[in-house]
Each structure stands twice: as structure tokens, then as C-alpha cells.
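Commentary on secondary and tertiary structure
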Amino acid sequence: MPFNLKDSLNYASKMTPRRIWNMSKVISSYYYSMYTKKPVQWGLPISLSFEPTTSCNLRCPECPSGLRSFTRPTGMLNKNFFRDTMDEVGKDLTYLIFYFQGEPYLNPDFLDMVKYAHDKKIYTATSTNAHYLNDANAKRTIESGLDRLIISIDGTTQEVYEQYRVGGKLEKVIEGTKNIIRWKKELKSNTPNIIFQFLVVKPNEHQIEDVKKLGEELGVDEVRFKTAQIYDYENGSNLIPTLDNYSRYKKNEDGKYSIKNKMLNHCWKLWHSCVITWDGAVVPCCFDKDATHQLGDLKQNTFKELWQGGKYQNFRSALLKSRSEIDICKNCTEGTKVWA
């Protein structure tokens, strides 16, 4: 992982004695559980993902939002519900991700929610396809106090870009990036840390060096390369890169593909973070895209009740015994990334 001093210092500035104490409880809980195979949780999440919306303007081929394939309801996160949750967990939380599925900027209250979390001195991040970073939204983004902005840019020419970002316009991504950078300078802001994220797939792997140059020319803070999750990978896919370093999968002697990483019976995500859908369902992690493993409903219970409750502990227990039997874990690399 590359070290970005300004971003790291900004994150460190969010720490309080209470948050540091909570982190120590979570870390000790994780290692105790891993070695004893008994699920315990002494703290509250260090990191939380909140879903602003399931709606999206693009039709990316490996994304449920893009494929319109959800079986769960679609909708927009209500800002009052969001605020109530932040009031409960915000003092212990250090990192808040405004993303799960969908395009965050489609929620008209998105940046107001960012500002609410920012005022609680929580490190905030989001991921966007950048099609809605017009001049007004770019300015509001800087003013909201957003700490990290991940911009998906999966090609440096329109022909390549649209092979994965179906329905997208590369010129809109570049224009939105320029708007953000301009307003960041205009308002003399150190945030957000602007990241170009390049999802490496076979159609764009030849543009890896090109996107590094583009990022440098535009003035983004970092360029990062992410490996792609493929749903039906066993028989291969025209999206699996030929560059082994950028692929989550390997081809076996029988011609079938398998995931590279070993399926170990522990997972840091289940102890330090979770995901909340737009309508209040709590799910274990970002791999449960259709929210099939709902561990509770925040509109019926408090977060603390769910986090320490029977469903969560049973899921952690099942993972410690045999993670390979949990469907959402079978294609998980715990967010494998390759860093520029």
C-alpha cells in the first residue's frame, strides 16, 4: 500500500482517546477469537459503510446495480435515519465509507450527510463514477469536508473505457476530476485526497501506464489499481486479465479457474467493520451485495444490539469454523488491490 503522508496525518487527526480505546478492544477481540475459535466482540466498528443509494447511471457488467439484478429493494438513504445512526456510533467510529452499491451523487442529500459526519470528526470517503461532478457539486464536495474521493476510471480512451463502464463517458470523468481539483485549489483545501481507481480487466490492461500518466497530468493525488471480482470465473471470462499480478484468479491444469487466495477461517472485516444498506439492513461486508445475510434491521433495533446480538455472533462463529461454506466468502479476496 502506498504511503500518503498528508492523508495519513489527516486520518490520524480524527483520533480521540475513546476511538483509540475502541480500536484496541476490536483488535484484541479479533485475535482472541481467531486463536480460540470463540467469537467475542468487545468493541464497536472502527469502519462503517453506508449505502447512499442502489441507483446507478451506468451498466457495468459485474455490478448488480449496473445489471439491475437486485432482489432487494432499491431506494435512497434517508438523511434523518443516517443522522440517528451517526449519533449512536459516531464517537467510536473513525472511518466512514459512503458507498456500497450505486452512485452516491444520485442521492440529493449525500453531501449533507458527508458534512454531518465531517462535523463529528469522522474520516469520510466515497467512490464515484464522476459523471455528476459538475461545477456546483464539485464545490459542495470540497465544502462538505469529504476526506477521500475515489474516482473510477477504467480506461484512458472512450473505446476502452466503455467496454466496462457501459453507458459512461470518459470526457465526463475527466471534466469532473478537473472540477474537483480546481475547487480544491480555489478553496485552499487539503481534502479530499483524490484517487484514480483503475479496475484492471483484460480489455484495459494495456492502459495501465497510460492512466498513471493521465493521473499525473491532471494532478490527482494517487492512482490505484484494483483487481476485478468475476462472478462466474470457473470457466474463464473475457474480463480476467492476462497479467497475473492483476488477477484474483489462476488457471489450473484442467483449464478451470480458481481464486488465488487461501480460504482461512477468520476475517478481519467481521470484527472491525460492517455495511448498512440504504433501508437500514445490516450485512457482514461488501461482498454481500444483494444483502442475503441480513444480521439485523436498524429501524427495529439499535446498532449496539445488533453488533453484539445473536445473529452477528452466530455468523462470526460459522466463519471461524468453516469460512468456505459461506457463499459470499467463496469469491472473496478481502478487497485485493495492487498499488501503484
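A short tour of the structure in this document, coming up. Owing to the predicted nature of the structure, the values given are computational and were not obtained by experimental measurement. (Residues numbered from 1 in each chain as written. Predicted model: local features only at pLDDT ≥ 70, side-chain atom pairs only at ≥ 80, totals over all residues. Heavy atoms only, no water.)

**Thoughts on helix H6 (residues 135–144)**
- Here H6 has its buried residues at Asn137, Ala138, Thr141, Ile142 and Ser144. For H6, the angular spread of buried residues about the axis comes to 160 degrees, placing them on one side.
- Where H6 is buried, its residues touch helix H5 (110–119) and helix H8 (170–186).
- Of the residues that open H6, the one with a side-chain oxygen 3.3 Å from the backbone nitrogen of alanine 136 is asparagine 134.
- Residue glycine 145 follows H6 closely and has a positive phi angle near 90 degrees. (Buried < 20%, exposed > 50% of the residue type's maximum accessible area, 1.4 Å probe, protein only. Helix = DSSP H or I, 4+ residues; strand = E, 2+ residues; numbered from the N terminus. Arc of directions from axis to C-beta. Contact = heavy atoms within 4.5 Å. Polar contact = N/O pair within 3.5 Å; in protein donor to acceptor, adjacent residues only side chain to side chain.)

**Some thoughts on the packing of aromatic side chains**
- For the structure on display, the rule yields 18 aromatic pairs.
- Judged by centre distance (5.5 Å) and plane angle (45 degrees), the ring pair of tyrosine 32 and tryptophan 42 falls under tilted. Of this pair, tyrosine 32 sits in helix H2 (residues 17–36) while tryptophan 42 sits in the loop between H2 and strand S1 (47–50); the two residues are 10 residues apart in sequence, bridging distant segments of the chain.
- Note on tyrosine 32: relative accessible area 38%, which makes it partly exposed. (Phe/Tyr/Trp six-rings, centres within 6.5 Å; stacked < 30°, edge-to-face > 60°.)

**Focus on the environment of serine 47**
- Tracing the chain through its elements places serine 47 in strand S1.
- In the structure, serine 47 is positioned 222 residues away from lysine 269 in sequence and 9.1 Å away in space, judged by C-alpha atoms.

**Some points on the pairing of S1**
- Of the two faces of S1, both are covered, the one formed by Ser47 and Ser49 as well as the one formed by Leu48 and Phe50.
- With three bridges joining them, S1 and strand S2 (residues 95–98) adopt parallel strand pairing. Residue pairing for S2: leucine 48 is matched across the bridge by leucine 96.
- In terms of strand pairing, S1 meets strand S9 (residues 273–276) through four bridges, oriented parallel. (Pairing = 2+ DSSP bridges.)

**Concerning the packing of H5 against H6**
- In contact at an axis separation of 9 Å, H5 and H6 are set at 15 degrees when each is read in the N-to-C sense. Considered as vectors, H5 and H6 are oriented roughly parallel to each other. Judged by the sense of rotation from one axis to the other, the crossing of H5 with H6 is right-handed. Residue-level inspection shows Leu111, Asp112, Val114, Lys115 and His118 of H5 in contact with H6, the latter providing Asn137, Arg140, Thr141, Glu143 and Ser144. (Axes fitted to C-alpha atoms, helices over the stretch in contact; angles between N-to-C directions. Parallel < 35°, antiparallel > 145°, perpendicular 65-115°, else oblique. Left-handed = near helix turned anticlockwise from the far one by under 90°.)

**What about the nonpolar core?**
- Residues Leu48 and Leu96 are the most contacted members of the largest nonpolar core, which totals 82 residues.
- Setting aside residues up to four positions removed in sequence, leucine 48 forms contacts with Met86, Val89, Leu93, Tyr95, Leu96, Ile97, Cys274, Ile276 and Phe303. (Core = buried A, V, L, I, M, F, W, Y, C linked by side-chain atoms within 4.5 Å.)

**Side note on the pattern of salt bridges**
- Enumeration over the complete set of coordinates arrives at 15 salt bridges.
- Between lysine 115 and aspartate 119 there is a salt bridge, with its nearest N and O atoms 3.0 Å apart. One end of the pair, lysine 115, and the other, aspartate 119, are both in helix H5, four residues apart, so they sit about a helical turn from each other.
- You can call lysine 115 partly exposed: its relative accessible area is 32%.
- Given a relative accessible area of 48%, aspartate 119 falls into the partly exposed group.
- In this structure, lysine 139 and glutamate 143 form a salt bridge, with 3.8 Å as the shortest nitrogen-oxygen distance. Here glutamate 143 and lysine 139 lie together in helix H6, a separation of four residues that amounts to about one turn. (Salt bridge = Lys/Arg side-chain N within 4 Å of Asp/Glu carboxyl O.)

The quantities given are spatial measurements derived from coordinates; they are silent on function.
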